[in-house]
Amino acid sequence: MSIIIPEIIVLATAFAILIADLFMNERTRVYLAPAAVAGLLLALAVMVVHTPASGALIGGRFTMDAAGWWFKILFMISALIAVLLSMDTLDGRARVRVRGMGFRGEYYSILLFSVVGMMFLVSARDLATLFVSLELATLPLFVLAAWRRDDPKSGEAGLKYVVLGALASAFIVYGFGILYGLTQSTDLETIAQRLAGERAPAFWLAAALVLAGAGFKLTIVPFHMWAADVYQGAPTPVTAYLSVGSKAAGLAFAFQVFYRIFGDALPHWDMLIAIFAALTMTLGNLVAIVQHDIKRFMAFSAISQAGYFLLGFLGAAEEGVPAMLFYLLVYIFSNLAVFACIIWFENETGKGQIEDYRGLSLSNPLMALGMTLALFSLAGIPPLSGFVGKFFLFSIASKAGFHGLVAVAAVNSTISLYYYLRVVRQMYIEPVDERVPAPGSSVSIGLSLALLSVPVAILGILPTVYEGIHAATIAWLASMPQG
Amino acid sequence: MISSAVYTVMFYGLSAAVILLAVLAVNLRQLLRAALALMGMLSLSAGLYVLLHAEFLAGVQVLVYIGGIVVLIVFAIMLTRSSELLEDHPRPLAQVLGALLSMFFLFVAALALRDTRFPVQVQTGPPVDDVRQIGLLLLDRGATGYLVPFELLSLLLLVAIIGGTVIARKVAPPKQPFTTGGDARGETITESARTQRDIVPGEGAP
């Protein structure tokens, strides 16, 4: 029974916030965010302390495994930080107020519903649950992207996201339908067993459709076109959650489908995945160079990062899965740390161009340092955690024989260093021509940046986390249908 | 029982009509006509379900899609002034590329599905359409049940309702500022109502 308790806690928090919101006034609604934080912290604590890393409930339709345990931790951490980052904007503590960001109770509760969807996604063992929970994870994101009522850009972001998201869902449903037709079962294990052996042509069609659907969620080129506009138009705290939550859910979905259903068919796609990875990295990087809006810039950065994730699918699962999970952890921490600074800066100054960050190292050295650290980690500079994560992924592709791809990835890493350093240059080197008024500080954002910076700095040096993930994945792979 | 020849003719006739109506629903410029084409397409697919002995599914299709969703769409069209779609002219190159890509996908999908022998029609006969059985399966906590997705669907619908009300709400509710200002007074209901009225149709983002 205990494996479902974290989900129940998050769900109960979501409902409690939704209902409490009805009886609160504008003054007391500031307690909603701390309530969401408390619920998530409690769920995290139960998860870490009490939840076993294996087990099954409801006749095996809800299961827990070691990799899923890590995924759920990551989802909850992302949501926790997202709530901390949203607080100032929603409670009106920002110096430059964002218009049209109301409905706090609804905001936090559907954010939590999205987390519940992601958590059920990794526990799903049949196609129906997999699809419904993926929808539950992404539908709140569509709504959140359009949250700023009086901002046409936010509306545009929501509309583009929902239309292209629906297209991706249609691909996935079509693929799932064919899989069901081929095997007459919705149970992932049964499907994998019945599919093993000879592969019908329709199997490849289904696989391509599901791959395309997963590509949308992971922003893989050529399925990336929604990302830039949605990232730019959505309210910044939502963009922060979107950039890590959607990607984590996409990766969890890809793991479920690739390793549980397609299993031994994965090596046949090596070439295709390698091409996608090269395209994704290169396009994301090249377009990121010319961006001026920092959110758009982070969107293309996120696209290029998705390309690095794909490298993990090339090698043996025993190496690829832990490397991808570890990089996801690193990516979540680094990306959220960058967004913490972006949100804080936007709250304080109302500006969001890269050039606006000029002189930040003088006006707020700590924030500038945190952002620099995170950007360096995303670029992959040793000894930060991003370097170690990328190193694992590159070595997998290299072992699998894709030396050309590794060269492309290395060149891309260098290009990315250039554009991440553009931001750092604005903060540290560019001369300050006017006296900028020093931006104020924020407790919640400062706290989250501090919480994030520590793992960004030390995850690469401390081997324990990677070892933990590695051990977890070995156990996870042992539980796979085909081993 | 319908004889096999009649069955085949009905199946292909319905399928052709469904495809035609679907193309019309996408291409018609008058939104209301497009909605009607959609309605026709959905009811004819309900006919397809009946042919496939899925009567329950056909009933749900009529109740939910035609009775609920299309009617809602028609209401939305009639209550707003956007009776005609804002014309969007993609570049010819994009149109050609899109058409080629769709044709390619259709071709590949048709080829793959033609060459695959699905076990369904070979092993079992037509599925037994038993509403009682469906209901029991949806709430079954065992290994063959669908309790988890069923419950998750209710959450999904709840999220959709919350999201819909938040996004579609025209005016701020009483006492809730349109702009969250913490302790500060935000826009009140009258102010935002006035702003809504001032918006001239046809202006703003498409």
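Criteria and cut-off values
- Residues numbered from 1 in each chain as written.
- Chains lettered and ligands numbered in written order.
- Predicted model: local features only at pLDDT ≥ 70, side-chain atom pairs only at ≥ 80, totals over all residues.
- Heavy atoms only, no water.
- Helix = DSSP H or I, 4+ residues; strand = E, 2+ residues; numbered from the N terminus.
- Buried < 20%, exposed > 50% of the residue type's maximum accessible area, 1.4 Å probe, protein only.
- Contact = heavy atoms within 4.5 Å.
- Salt bridge = Lys/Arg side-chain N within 4 Å of Asp/Glu carboxyl O.
- Axes fitted to C-alpha atoms, helices over the stretch in contact; angles between N-to-C directions.
- Parallel < 35°, antiparallel > 145°, perpendicular 65-115°, else oblique.
- Left-handed = near helix turned anticlockwise from the far one by under 90°.
- Buried area = accessible area lost by both parts, 1.4 Å probe.
- Polar contact = N/O pair within 3.5 Å; in protein donor to acceptor, adjacent residues only side chain to side chain.
- Nonpolar A, V, L, I, M, F, W, Y, C, P; charged D, E, K, R; others polar.

Asker: Which residues make up the overall build of chain B, and what are the values?
Answerer: Summing up its helical and strand segments, chain B has eight helices and zero strands in all. Order of helices (α) and strands (β) in chain B, N terminus to C terminus: α-α-α-α-α-α-α-α. Split into buried and exposed, the 206 residues of chain B put 24% on the buried side. Sequence-distant contacts in chain B: of pairs separated by 6 or more residues, those separated by 24 or more amount to 50%.

Asker: Give me the lowdown on unusual backbone geometry, citing residues and values where you can.
Answerer: Here the bond from Val221 of chain A into Pro222 of chain A is cis, since omega is 5 degrees, no more than 30 degrees from zero. Within the chain, Gln184 of chain A stands out as a residue other than glycine whose phi angle is a positive 55 degrees. Summarising the element assignment, Gln184 of chain A is placed in the loop between α6 (152-183) and α7 (188-195). Gln184 of chain A sits in the partly exposed class, given a relative accessible area of 27%. Of note in this structure, His53 of chain B is not a glycine but carries a positive phi near 65 degrees.

Asker: Which residues make up the pattern of salt bridges, and what values do they have?
Answerer: Residues and elements named next belong to chain A. Summed over the entire model, instances satisfying the criterion amount to 19 salt bridges over all chains. Between Arg296 and Asp229 there is a salt bridge whose closest N-O contact spans 3.0 Å. Residue Arg296 is found in helix α12 (residues 294-311), and its partner Asp229 is found in helix α9 (residues 227-233); the two are separated by 67 residues along the sequence. Judged by relative accessible area, which is 21%, Asp229 ranks as partly exposed.

Asker: Give me the environment of Asp187 of chain A: which residues, what numbers.
Answerer: All names here are of chain A. Within the secondary structure layout, Asp187 lies in the loop between α6 and α7. Taking the relative accessible area as the measure of exposure, Asp187 reaches 22% and is therefore partly exposed. Linking Asp187 and Glu26, residues 161 residues apart in sequence, is a C-alpha distance of 47 Å. If we ignore the near neighbours within four places in the chain, the residues touching Asp187 are Arg125 and Asp126.

Asker: Describe the environment of Leu36 of chain B, with residues and values.
Answerer: Residues and elements named next belong to chain B. Mapped onto the elements of the fold, Leu36 is located in helix α2 (residues 31-51). On the basis of relative accessibility, which here comes to 49%, the residue Leu36 falls in the partly exposed class. Between the alpha carbons of Leu36 and Ala25 there is a distance of 7.7 Å; along the sequence they are 11 residues apart.

Asker: Account for the packing of helix α4 (residues 104-123) of chain A against helix α10 (residues 236-262) of chain A, with residues named and values stated.
Answerer: Residues and elements named next belong to chain A. Where α4 meets α10, the axes come as close as 9 Å, and the angle between the chain directions of the two elements is 15 degrees. Relative to α10, the element α4 is oriented roughly parallel. Remark: the crossing between α4 and α10 carries left-handed chirality. Residues Tyr107, Leu111, Ser114, Val115, Met118, Leu121, Val122 and Ser123 of α4 form the contact with α10, whose own contacting residues are Pro237, Val238, Tyr241, Gly245, Ser246, Ala249, Ala252, Phe253 and Gln256.

Asker: For the interface of chain A and chain B, give the residues involved together with the corresponding values.
Answerer: Taken together, the contact between chain A and chain B spans 51 residues of the former and 46 residues of the latter. Across the chain A to chain B interface the summed buried area is about 4,100 Å²; carbon plus sulfur atoms make up 71%. Looking at the side of chain A facing chain B, the largest losses of area belong to Glu26, Phe103 and Arg149 of chain A, adding up to 16% of the total buried there. Taken together, the connections running from chain A to chain B amount to zero salt bridges. At the junction of chain A and chain B, the tally comes to three residue pairs in polar contact (both at pLDDT 80 or more). Elements with a contribution of two residues or more to the side of chain A that touches chain B: α1 (5-22), α3 (66-91), α4, α5 (127-145), α6 and α8 (201-218) of chain A. It is α5 of chain A that provides the largest number of residues to the side of chain A that touches chain B, a total of nine residues. Split into classes, the residues belonging to the side of chain A that touches chain B amount to 29 nonpolar, nine polar and 13 charged.

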